[in-house]
Amino acid sequence: MTFSELLKDRIVLLDGGTGTALQELGLAPGEAPERWNLTRPEAVRALHRAYFDAGSNVVCTNTFGANPLKFSDAELEETVRAALALVREARAQSAGGQEKFAALDVGPLGRLLKPLGDLDFEDAVRAFARTVELGARYGADLILIETMNDSYETKAALLAAKETCDLPVLVANAYGEDGKLMTGASPAAMVALLEGLGADAVGANCSLGPAQLRGVVRELLETASVPVLLKPNAGLPRVVGGRTVFDVEAGAFSDEVAALVRQGVRLAGGCCGTTPAFIRALRDKLDGAVPVPLSDKGRTVVSSCTHAVVFGGAPVIIGERINPTGKKRLQQALREGDMDYLLAEGVEQQERGAHILDVNVGLPGLDEPALLRRAVCELQAVTDLPLQIDTADPAAMEAALRRFNGKAMVNSVNGKRESMDAVFPLVKKYGGVAVALTLDESGIPGTAEGRFRIAEKILAAAREYGLGPKDLVFDTLAMTVSADVRAAGTTLEALRRIRRELGCHTSLGVSNISFGLPERDAVNSTFFAMALENGLSAAILNPYSAAMRRTWFAYRALKGQDANCSAYIEAARSFAPDPPARPRPEPGPGETPAEVFGSELQRAVVKGFQERAGELARELLKTTPPMTVVNREIIPALNAVGEGFENKTVYLPQLLMSAEAAQRAFAAVKEAFSGGEKPAGRGTFVIATVRGDIHDIGKNIVRLLLENYGFDVVDLGRDVPPETVTDKVVELHAPLAGLSALMTTTVPAMEETIRQLKARAPWCRVVVGGAVLTQEYADRIGADKYARDAMETVRYAESVADGTAGGR
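Computed from a prediction, not measured in an experiment: that's the story for all the values here. (Residues numbered from 1 in each chain as written. Predicted model: local features only at pLDDT ≥ 70, side-chain atom pairs only at ≥ 80, totals over all residues. Heavy atoms only, no water.)

Student: Provide a residue-level description of the side chain of asparagine 149, including the pertinent values.
Tutor: Its place among the elements puts asparagine 149 in the loop between strand S4 (142-148) and helix H7 (151-164). If we ignore the near neighbours within four places in the chain, the residues touching asparagine 149 are Ala174, Leu181, Met182 and Thr183. (Helix = DSSP H or I, 4+ residues; strand = E, 2+ residues; numbered from the N terminus. Contact = heavy atoms within 4.5 Å.)

Below you can see the structure in the form of structure tokens.
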């Protein structure tokens, strides 16, 4: 039986923790677990066998951190080869009669991808691909990509796996207490992305215990059409008698996980703190259990780095303004490489209520693939809306789809065989929802019947590529009514038939209907209402148009999609004559106070417009003292974003891009000082990722924010010995030190670092953070402060600098 056959009809039992189990066997603080494949193979083999003996169908290799960023190529190959040999040997030695498979375990690289970090997307793909290539060569039956807390890195890993081998690929993400990834993605967003890329199962692992992950699992089960996997921790860690233990025992753990399996989880096991005893208990609880049948949810959905947009509920608004056709200023910006203009258009459309942004940069004489890729990368750094990739060039389409951090709309495909053969393979590979135009080699039919027949032809061709109705949104082509009085009726009849008879969603470029007529908004908004009543799912329109906004809010209220008409009432306050081009909009419904700006510089910092923030700061400094710019402009903007982050209305990508924009403004301020007024430093902060841990994402985020708030940060890097941290703190007489750890196996190194700091630098306050830590754990290892996130570290550092921190 192959693994795919097992997954199709059976509940699959996975293994439990590896790193924490090896700690119990003597893995030293800071020692790389993967090296035990070569130095202590008997211990690793025995652990694998214990999991097989306990009933696991799948045992993962001891390769969580095995990647080219941590190991030389020769060492990486030998490590992966040995790891798979140990699982195979354990399988052969196990007396268990169940089907048994070896999974190549692939963990995160430990670095944020650009623009939030310094690692290029393609470099990440290559790093993952090398590990996967070795795993496939040395006998893996499947790939498990696990503990990913960033959607973009998850995409890089899955894309590498799919491009490198034909093995089944399972993907598990690490969700926080808020039910989202560190970079903000919801479970629904991850399902859309991962199913689109062809994952064989999706799920959650690590970070929390099974009870805390119930909400995440529920959302995964509601949205996923592929099997859902779950590998939670044994609760939260704490220290007892100098040992790291977890607060959920095998009995309670297996009760929780078994209950979630009966709700639909198909693959189940454990992560940190779980042992073969946990798996045995789970096996016993699931004895005789029948898997919940899988069902295709049939969701037409796109996603961004934070959320999914589903077709079929409230009408979806696709902002049309990033398209150079008829827009001379945008054409100029594209030719001059002025990305800030394009970014401002994107952000402003989001503020006006767009749910998706159409992105078209096609101009004669420009390198469209390179420019479209750049536009996508820069837009997704400042807005969390899904994008509609709008191009007729397949090379440009692929370049953009590959780099988009989400599942995009693809605009467009049509009934010409050449078009379908070029576009559908890209949609199948990268995921996406294709906008299908009802035209073919014969042109645009003049009848609704003709357009419906082309839609049937397109749908049939899509099925040849493994796509279906949920992967298409049909555009029945609004033609100008001034040239044909039947144009509107023809478009609407075709739209209605496609929605009712084919079960597909629809979209229209609404404004085409009024071309050549006066008072176009009156015609457009009326046609928009008619189309909505005929089943229109989405519309490409100008979100600045007050008439279109009125229609959208009124339609939702009249259709019962707006409880108590509250959204309509709120929006009505901002209904006004259409604004001039590129206005600075008033706060809209649902916007937070952070969206209200005192100046254009504050707006640039909050929105993450890096070039614009530098330009505005330099202009303001011509008339304003430098420290006034800092205290009245930059810091209030940072505080607004920080408060949004703390209140869960802003997520990590926006926080980091705002910090980068603030740095551009600070750079201008530093240039303005001329030997007189100087900004007062707020103190020295020594920061490091502890010995044995190469994951420095959290540390780098903290460093960036602290620098923006005026602290002198000394970053010692990754895998830093306790002595090095202590020596630097003593040398600088630093009042603050920050220690980061992602892996449970490296927390003892953190404890040792704190012990040395207390002995040699008793004046220094120590802040700790990382996914494996809790307040109780931090207290037990002697930290002065446990920070759940980067902003909490900043707030504590400010309190120390201001003399308001509690304690010594």
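Student: Outline the packing of helix H6 (residues 121-137) against H7, supporting the account with residue identities and numerical values.
Tutor: Across the interface, H6 lies against H7 with an axial gap of 8 Å and an inter-helix angle of 50 degrees. Here H6 is positioned oblique relative to H7, judged by the angle of their axes. Seen from above, H6 lies across H7 with right-handed handedness. Contact with H6, carried on its side by Phe121, Ala124, Val125, Phe128, Ala129, Val132 and Glu133, involves Tyr152, Glu153, Lys155, Ala156, Ala157, Leu159, Ala160, Ala161, Glu163 and Thr164 of H7 and no other residues of that element. By residue class, the composition of the contact of H6 with H7 is 12 nonpolar, one polar and four charged. (Axes fitted to C-alpha atoms, helices over the stretch in contact; angles between N-to-C directions. Parallel < 35°, antiparallel > 145°, perpendicular 65-115°, else oblique. Left-handed = near helix turned anticlockwise from the far one by under 90°. Nonpolar A, V, L, I, M, F, W, Y, C, P; charged D, E, K, R; others polar.)

Student: Tell me about the confidence of the model for the protein, and name the residues and values.
Tutor: On average, residues of the protein score 92 in pLDDT, and 96% of them are at 70 or above. Confidence drops under a pLDDT of 50 for residues 578-595, and excluding neighbours within four residues, the segment shows 35 contacts in the predicted structure. (pLDDT = per-residue confidence, 0-100.)

Student: Hey, could you go over the packing of aromatic side chains for me, with residue numbers and the actual values?
Tutor: Going through the model one piece at a time under the given rule, you end up with five aromatic pairs. With centroids separated by 5.7 Å and ring planes inclined at 80 degrees, the aromatic side chains of phenylalanine 3 and phenylalanine 101 adopt a geometry described as edge-to-face. Residue phenylalanine 3 is found in helix H1 (residues 3-9), and its partner phenylalanine 101 is found in strand S3 (residues 101-106); the two are separated by 98 residues along the sequence. Residue class for phenylalanine 3 comes out buried when judged on its relative accessible area of 3%. With relative accessibility at 6%, the residue phenylalanine 101 sits in the buried group. Here phenylalanine 121 and tyrosine 152 contribute two aromatic rings whose centre-to-centre distance is 4.8 Å and whose plane-to-plane angle is 25 degrees, an arrangement assigned as stacked. Of this pair, phenylalanine 121 sits in helix H6 while tyrosine 152 is found in helix H7, placing the two residues 31 residues apart along the sequence. Owing to a relative accessible area of 1%, phenylalanine 121 belongs among the buried residues under this scheme. A cation sits over an aromatic face here: arginine 40 above tryptophan 36, 4.3 Å from the ring centre. The aromatic ring of phenylalanine 452 is capped on one face by arginine 497, whose charged end is 4.0 Å from the ring centroid. (Phe/Tyr/Trp six-rings, centres within 6.5 Å; stacked < 30°, edge-to-face > 60°. Buried < 20%, exposed > 50% of the residue type's maximum accessible area, 1.4 Å probe, protein only. Lys NZ or Arg CZ within 6 Å of the ring centre and 35° of its normal.)

Student: So, unusual backbone geometry: which residues are in play, and what are the values?
Tutor: In this structure, proline 115 follows lysine 114 across a cis peptide bond, with omega equal to 5 degrees. Note that proline 115 resides in the loop between S3 and H6. The amide bond that connects asparagine 411 to the next residue, serine 412, takes the cis arrangement and shows omega of 20 degrees. Relative to the assigned elements, serine 412 resides in strand S16 (residues 409-414). For histidine 733, which is not glycine, the phi torsion reads 50 degrees and is therefore positive.

Student: Help me get a handle on the pattern of salt bridges, residues and values and all.
Tutor: Any two side chains of opposite charge can pair, given that their charged atoms come close. Applying the stated criterion to the full structure yields 56 salt bridges. The salt bridge involving arginine 402 is made with glutamate 163; its shortest N-O contact spans 2.7 Å. Of the two residues, arginine 402 sits in helix H15 (residues 394-403) while glutamate 163 sits in helix H7, which places them 239 residues apart along the sequence. The exposure class of glutamate 163 is partly exposed, given its relative accessible area of 37%. Between arginine 374 and glutamate 378 there is a salt bridge, with the nearest N and O atoms lying 2.9 Å from each other. (Salt bridge = Lys/Arg side-chain N within 4 Å of Asp/Glu carboxyl O.)

Student: Describe the sheet that holds strand S23 (residues 736-740), naming the residues involved and giving the relevant values.
Tutor: Strand pairing in a sheet relies on backbone hydrogen bonds, with the paired strands running either antiparallel or parallel. Judged by pairing direction, the sheet is parallel, and its five strands sit side by side in the order S22-S21-S23-S24-S25 without closing on themselves. Looking at the sheet topology across the chains shown, the edges are occupied by strand S22 (712-715) and strand S25 (785-786). Pairing analysis gives two bridges linking strand S24 (residues 765-769) to S25, with the strands arranged parallel. Along S25, the bridge assignment pairs valine 767 with lysine 785. The sheet strands contacting helix H27 (residues 722-732) are strand S21 (684-689), S22 and S23, and the helix crosses S21 at an angle near 175 degrees. (Pairing = 2+ DSSP bridges.)

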